[in-house]
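These are the residues of each chain, in order.
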Amino acid sequence: MTTEVLLRIRTTLAETCTGNNTAVVLSVQPRDGLVFRCFLSPFDFISFSVSFFTSALTQFFQIFPEYQSNEFYATGESYAGKYVPAISYYIHKNNPTAKVKINFMGMAIGDGLCDPEMMLGGYGEFLFQTGMIDEHQKQYVVQQTDLGVEFIQQEKWVEAFQVFDRLLNGDVDPYPSFFQNVTGCTNYFNYMTCQEPEDQEYFSQFVTLPEVRRAIHVGNLTFNDGSEVEKHLVQDVMKSIKPWLGVLMDNYRVLIYSGQLDVIVAAPLTERFLPTVNWTGAAEFNSAPRYHWKVQPTDTEVAGYVKQVKDFYQVIIRGGGHILPYDQPARSFDMIDRFLSIRGWI
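Let me sum up the structure you'll find in this document. (Residues numbered from 1 in each chain as written. Predicted model: local features only at pLDDT ≥ 70, side-chain atom pairs only at ≥ 80, totals over all residues. Heavy atoms only, no water.)

**Structural notes on the overall build of the protein**
Filter applied, for reference: Here a helix means four or more residues in a row that DSSP labels H or I, a strand means two or more in a row labelled E, and each is numbered from the N terminus. For the exposure calls, accessible area comes from a 1.4 Å probe over protein chains only, and a residue counts as buried if that area is under 20% of its type's maximum, exposed if over 50%, partly exposed in between. For every accessible area listed, the method is Shrake-Rupley and the probe measures 1.4 Å; residues are considered covered only by the protein chains on display.
A tally of regular secondary structure across the protein gives 16 helices and eight strands. Taken across its 346 residues, the protein has 47% of its residues classed as buried. Total accessible area on the protein stands at roughly 17400 Å², and carbon and sulfur atoms take up 52% of it.

Shown next, in the form of structure tokens:
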């Protein structure tokens, strides 16, 4: 790690990590070292390999040992359903013998694609019950998801991904997905909005401004939209991390949350796979009551619903989709604050 990068870290820490921020988020640029920034809400995720992240994290704590005692949570959304448990499990396995120990406390996953084998089978009923497809179209969805599950069980990961992509995902296949054709909509992040809001793309223009590039120390590196990365992940997308999840739920604080209006990783899909996770609280969780909660007790609107068993929390937030902090920032912040502060819901 170069002196220049260390200076940037110290400068960024001094300039941004002040005041009453809720959490400190570590972001890593593979070719530029570490940049530390503070956010009012810790909805950030780590888009790089487990080994690279843990190596970077270890280096950070060696350089800044004063932060090593801080509670550490791995958090993220969507594909975080894979890499957040992977990072967390890696820390869990290696922490006891690590020279630099991480004060790992838990993880939070939003709308995560954790267990495609169980989740795929929920699409037909979900799309039908929300009025997006009719009975005939539902039969086709069920047929395709059954085929996808067969491919998963045969470990034909690319073929399973192709079923998912042609049916709903629509990222790699050059033609519109089945979902787009039958609904007329391209937005699978929130079924109340047919097209993605224009302002969701403003960030790409913002982060490539010269002054922002200088502030976040990325130089002239190309800003990528993730499409090329996804092409290299087709072997991984349809694999499950469920065994790791069970271990983590038994040992740490875990939050799994969903936006009620999400399509691509809909809440009923999470409901479908969670009862199959093998952990010591499984039986209790499957019979646990669900409670509603409000951000403020005097609010007229219910923010969402929560189930809790031991240190595991499942939350569904009303009025929000896949990009949950965008749709419901106040409710999302209240949720993550309750989780991190151990304030809880019940």
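From this point, the narrative continues.
**Focus on helix α12 (residues 242-251)**
Operational definition: Working note: the arc is built from the helix axis to C-beta atom directions. Every residue pair with non-hydrogen atoms within 4.5 Å of one another is taken to be in contact.
Among the residues of α12, Lys242, Leu245, Gly246, Leu248 and Met249 are the ones counted as buried. Buried positions in α12, seen along its axis, are confined to an arc of 165 degrees and lie on one side of it. Buried-residue contacts for α12 involve α3 (80-94), β4 (104-110), α4 (116-119), β5 (253-259), α13 (267-273) and β8 (312-317).

**Concerning the packing of aromatic side chains**
Using the following cut-off: The aromatic pairing rule takes the rings of Phe, Tyr and Trp, using the six-membered ring of Trp, and pairs them if the centres are within 6.5 Å, calling planes under 30 degrees apart stacked, those over 60 edge-to-face and the rest tilted. Comment: the charge-over-ring label is applied if NZ (Lys) or CZ (Arg) is within 6 Å of the ring centre and within 35 degrees of the ring normal.
Tallying each qualifying case throughout the model produces 18 aromatic pairs. Taken together, the ring pairs connect Tyr73, Trp293, Tyr313, Phe339 and Trp345 into an aromatic cluster. Positioned above the aromatic ring of Phe339 is the side chain of Arg253, whose terminal nitrogen or guanidinium carbon lies 4.5 Å from the ring centre. Over the ring of Phe285 we find Lys307; its NZ or CZ atom is 4.2 Å from the centre of that ring.

**Topic: the state of the cysteines**
Operational definition: Cysteine sulfur atoms are paired as a disulfide whenever they come within 2.5 Å of each other.
The full count for this structure, using the stated rule, is one disulfide. Paired through a disulfide, Cys185 and Cys194 show a sulfur-sulfur distance of 1.9 Å. Looking down the S-S bond of the Cys185 and Cys194 bridge, the torsion is -100 degrees, so its handedness is left-handed. By relative accessible area, which is 30% here, Cys194 ends up partly exposed.

**Comments concerning the packing of helix α6 (residues 135-153) against helix α7 (residues 157-169)**
Just so we agree on the cut-off: What counts as an axis is a line fitted to C-alpha atoms, over the stretch in contact for a helix, and the angles between N-to-C directions run from 0 to 180 degrees. Working rule for angles: under 35 degrees goes down as roughly parallel, over 145 as roughly antiparallel, 65 to 115 as roughly perpendicular, anything else as oblique. Two helices cross in a left-handed way if the nearer one is turned anticlockwise from the farther one by less than a right angle. They cross in a right-handed way if the turn is clockwise. Residue classes follow a fixed rule: Ala, Val, Leu, Ile, Met, Phe, Trp, Tyr, Cys and Pro count as nonpolar, while Asp, Glu, Lys and Arg count as charged, and any other residue, Gly among them, counts as polar.
Here α6 crosses α7 at 160 degrees, and the two axes come no closer than 7 Å. Between α6 and α7, the angle falls in the class roughly antiparallel. As α6 packs across α7, the resulting crossing turns out to be left-handed. Of α7, the residues touching α6 (which contributes Tyr140, Val141, Gln144, Thr145, Leu147, Gly148, Phe151 and Ile152) are Trp157, Glu159, Ala160, Val163 and Leu167. Looking at the contact of α6 with α7 residue by residue, the classes come out as nine nonpolar, three polar and one charged.

**Looking at the pairing of strand β7 (residues 304-309)**
Regular strands show a simple pattern: their side chains alternate between the two faces of the sheet. Short version of the rule: Two strands make a pair as long as DSSP finds a minimum of two bridges between them.
Pairing analysis gives three bridges linking strand β6 (residues 291-293) to β7, with the strands arranged antiparallel. Across the sheet, Tyr291 pairs through a bridge with Val306, a residue of β7. Counted along the chain from β7 to the antiparallel partner β8, the turn is two residues long, and its residue Lys310 has a positive phi close to 55 degrees.

**Some words on helix α16 (residues 329-340)**
We count it as follows: Given a helix with a known number of residues, its expected span is that number minus one, times 1.5 Å.
Taking 1.5 Å of rise per residue, the twelve residues of α16 would be expected to cover 16 Å, and the 16 Å separating its terminal C-alpha atoms lies within 8% of that figure. Inspection of α16 places Arg331, Ser332, Asp334, Met335, Ile336, Arg338, Phe339 and Leu340 among the buried residues, and these make up the whole buried set. Residue Ile342 follows α16 closely and has a positive phi angle near 60 degrees.

**Brief notes about the environment of Pro243**
Mapped onto the secondary structure, Pro243 falls in helix α12. With 36 residues separating them in the primary sequence, Pro243 and Trp279 have C-alpha atoms 9.0 Å apart.

**Quick notes on the side chain of Asn187**
Put simply, the rule is: For the purposes of these results, a polar contact is taken to be a pair of N or O atoms within 3.5 Å, where, inside protein, one atom must be able to donate a hydrogen and its partner to accept one; residues adjacent in sequence count only when each atom of the pair is a side-chain atom.
Secondary-structure assignment places Asn187 in the loop between α8 (178-183) and α9 (202-207). With relative accessibility at 3%, the residue Asn187 sits in the buried group. Here Thr193 takes part through its backbone oxygen, which lies 3.0 Å from a polar atom of the side chain of Asn187. Here Asn187 is in contact with Phe179, Thr193, Cys194, Gln195 and Glu196, once residues within four sequence places are set aside.

**Focus: the packing of α3 against α12**
One can describe the packing of α3 onto α12 by two numbers: an axis separation of 10 Å at closest approach and a directional angle of 60 degrees. On the basis of the axis angle, α3 is oblique to α12. α3 and α12 meet at a crossing whose hand is left-handed. Counting all contacts with α3, which are made through Pro85, Ala86, Ser88, Tyr89 and His92, the residues of α12 involved are Trp244, Val247, Leu248 and Asn251. Across the contact of α3 with α12, the residue classes tally to six nonpolar, three polar and no charged.

**Focus: the sheet that holds strand β3 (residues 72-77)**
Sheet architecture is open: six strands sit in the order β3-β4-β5-β8-β7-β6, paired in mixed fashion. Each end of this open sheet is capped by a strand with a single partner; those strands are β3 and β6. Between one strand axis and the next, the sheet turns through 20 degrees on average, direction left out of account. The sheet contact formed by β7 and β8 spans six bridges and is antiparallel. Directly across from Val306, in β8, lies its bridge partner Val315. Sheet strands in contact with α16 are β3, β4, β5, β6 and β8, and its direction is about 170 degrees off that of β5.

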